[in-house]
Amino acid sequence: MYEYLKSLHLIFIITWFAGLFYIVRLFVYHAEAKQKPEPEQSILIKQYQLMQYRLWYIITWPSAVLASIFAFWMLLFTDIGSFWLTQSWMHVKLGFVFLLYLYHLKCHQIFLQLQKDEVKHTSSFFRLWNEGATIILFAVVFLVILKNAVNWIFGVIGIILFSVLLMLGYKFYKKVRQRNT
């Protein structure tokens, strides 16, 4: 039974992260659409709001809930789950899951604002915001695979450095693009 629960948990973790990654990309596009002239702006924003709505309520929220249900089921109602709860790496992982839910809830707040076409952040902010889920994903995967409460730090430091390089590359590309226009 545990292997079935773990498989379902993993499937919904994957779809949850896919939803989180894509929703923030839609936030980027929505913010950029605000800079477009009419009628292009209205057409794009209406389409992005529809895409955000469907993604958020049909994929992302259900995936988050189902991933959690299967996780609790594994941890609380199987023998091996009870064992995992005694491990320090699992405590750190659950801390990251808590951070993931905070990230998810902040995305929900932004989603609600954008549904009202209240754009309070720039597309650059959203590009950086998208790295939050990536950092949590890296930390959790390293924790689960290595089962060590300390070694995950190296993976997270690596993704943070990689993210910084990506952002620097993006800023450089933006300057080059502005200079050429």
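Residues numbered from 1 in each chain as written. Predicted model: local features only at pLDDT ≥ 70, side-chain atom pairs only at ≥ 80, totals over all residues. Heavy atoms only, no water.

On to the overall build of the protein. Per the secondary structure count, the protein includes six helices and zero strands. Mapped from its N terminus to its C terminus, the protein presents α and β elements in the order α-α-α-α-α-α. Expressed as lengths along the three principal axes of its C-alpha atoms, the size of the protein is roughly 60 × 35 × 20 Å. A buried classification covers 37% of the 181 residues belonging to the protein. Counting contacts in the protein only where the partners sit at least 6 residues apart, residues at least 24 apart contribute 78% of the total. Here the protein displays about 10800 Å² of accessible surface, and carbon together with sulfur accounts for 71% of that area. Across the protein, 17 positive and 8 negative side-chain charges occur, with their mean positions spaced 6 Å apart. (Helix = DSSP H or I, 4+ residues; strand = E, 2+ residues; numbered from the N terminus. Buried < 20%, exposed > 50% of the residue type's maximum accessible area, 1.4 Å probe, protein only. Contact = heavy atoms within 4.5 Å. Areas by Shrake-Rupley, 256 points an atom, 1.4 Å probe, with all protein chains shown as cover. Lys, Arg positive; Asp, Glu negative; His and termini not counted. Charge placed at Lys NZ, Arg CZ, Asp CG, Glu CD.)

Another point: the pattern of salt bridges. Two side chains of opposite charge can pair, provided their charged atoms sit close to one another. By the definition in use, this model includes four salt bridges. Here glutamate 32 and arginine 127 are joined by a salt bridge, their closest N and O atoms 2.9 Å apart. Placement of glutamate 32 in helix 1 (residues 2-33) and of arginine 127 in helix 5 (residues 123-146) is noted, with a sequence separation of 95 residues between them. Where lysine 120 meets glutamate 118, a salt bridge forms, and the shortest distance between an N and an O atom there is 4.0 Å. We classify lysine 120 as exposed; its relative accessible area is 55%. Of the residues examined, glutamate 118 reaches a relative accessible area of 31% and is grouped as partly exposed. (Salt bridge = Lys/Arg side-chain N within 4 Å of Asp/Glu carboxyl O.)

A grouping of Met1, Val65, Leu66, Ile69, Phe72, Trp73, Leu76 and Phe77 is seen on the molecular surface, where their side chains present a nonpolar patch of about 840 Å² in accessible area. Mapped onto the fold, methionine 1 is located in the segment before helix 1. On the basis of relative accessibility, which here comes to 63%, the residue methionine 1 falls in the exposed class. (Patch = residues over 30% accessible without salt bridge, like charges linked within 9 Å, V, L, I, M, F, W, Y side chains within 5 Å.)

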